Amino acid sequence: MFHEVAHGLGVKSTLTGRGTVREALKEQASALEEGKADILGLYMITKLHEGGEYHDTEVMDNYVTFLAGIFAVSASAQ
């Protein structure tokens, strides 16, 4: 869920005002956006856990799942 929320966060336009960040990043935009959403999602879960707001699971379970996902994607790409 936090991964999906993270997609909506971030800079949309370039600092020069000449278009969107997505347009400027071209073919790398999608991969970078997914990475941003993954890392920001983990950050949000960690902060909520530290603040006592998220206590349904151990926070490390989220990191393990994230890492396992990296290996699964890497294995399927080969």
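Note that the structure is a prediction, hence the values are computed from the model and not measured.

Brief notes about the overall build of the protein chain
Helix and strand counts for the protein chain come out as 4 helices and 0 strands. Across the protein chain, helices and strands are ordered from the amino to the carboxyl terminus as α-α-α-α. Computed over its C-alpha atoms, the radius of gyration of the protein chain comes to 15 Å, more than 25% above the 12 Å expected for a compact globule of 78 residues. The dimensions of the protein chain, computed from C-alpha atoms along their principal axes, are 45 × 35 × 15 Å. Expressed as a percentage of its 78 residues, the buried residues of the protein chain come to 18%. Counting contacts in the protein chain only where the partners sit at least 6 residues apart, residues at least 24 apart contribute 52% of the total. As displayed, the protein chain has an accessible area near 6000 Å², and 63% of this comes from carbon and sulfur atoms. The protein chain carries 6 positive and 11 negative side-chain charges, and their two centres are separated by 15 Å.

Re the pattern of salt bridges
Across all of its chains, the model carries 2 salt bridges by this definition. With a closest N to O distance of 3.3 Å, Glu33 and Lys36 form a salt bridge. With a gap of 3 residues between them, Glu33 and Lys36 both fall in helix H3 (residues 29-50), about one helical turn apart. The residue Glu50 makes a salt bridge to Lys47 at a minimum N-O spacing of 3.3 Å. A residue pair is termed a helical-turn pair when its members lie 3 or 4 positions apart in one helix, as Glu50 and Lys47 do in helix H3 at 3 residues.

A short note on the side chain of Asn62
By secondary structure assignment, the location of Asn62 is in helix H4 (residues 59-77). A relative accessible area of 18% places Asn62 in the buried class. In this view, Asn62 contacts Leu42, Ile45, Tyr54 and Thr57; residues no more than four positions away in its chain are not counted.

Section: a nonpolar patch on the surface
There is a patch of nonpolar side chains on the surface, built from Met1, Val5 and Leu9 and spanning about 320 Å² of accessible area. With respect to the helices and strands, the residue Val5 is situated in helix H1 (residues 2-7). With a relative accessible area of 43%, Val5 lands in the partly exposed category.

Describing the nonpolar core
Counting 7 residues, the largest nonpolar core consists of Phe2, Ala6, Ala37, Met44, Ile45, Tyr54 and Val59. Counting only elements with at least two residues in this core, the list comes to H1 and H3. For this core, the element with the highest residue contribution is H3, accounting for 3 residues. Beyond its immediate stretch of four places on either side in the chain, Phe2 contacts Gly41, Met44, Ile45, Leu48 and Tyr54.

Rules behind the numbers
Residues numbered from 1 in each chain as written. Predicted model: local features only at pLDDT ≥ 70, side-chain atom pairs only at ≥ 80, totals over all residues. Heavy atoms only, no water. Helix = DSSP H or I, 4+ residues; strand = E, 2+ residues; numbered from the N terminus. Rg over C-alpha atoms; globule rule 2.2 N^0.38 Å. Buried < 20%, exposed > 50% of the residue type's maximum accessible area, 1.4 Å probe, protein only. Contact = heavy atoms within 4.5 Å. Areas by Shrake-Rupley, 256 points an atom, 1.4 Å probe, with all protein chains shown as cover. Lys, Arg positive; Asp, Glu negative; His and termini not counted. Charge placed at Lys NZ, Arg CZ, Asp CG, Glu CD. Salt bridge = Lys/Arg side-chain N within 4 Å of Asp/Glu carboxyl O. Patch = residues over 30% accessible without salt bridge, like charges linked within 9 Å, V, L, I, M, F, W, Y side chains within 5 Å. Core = buried A, V, L, I, M, F, W, Y, C linked by side-chain atoms within 4.5 Å.

All quantities given are derived from atomic positions and should not be read as evidence of function.
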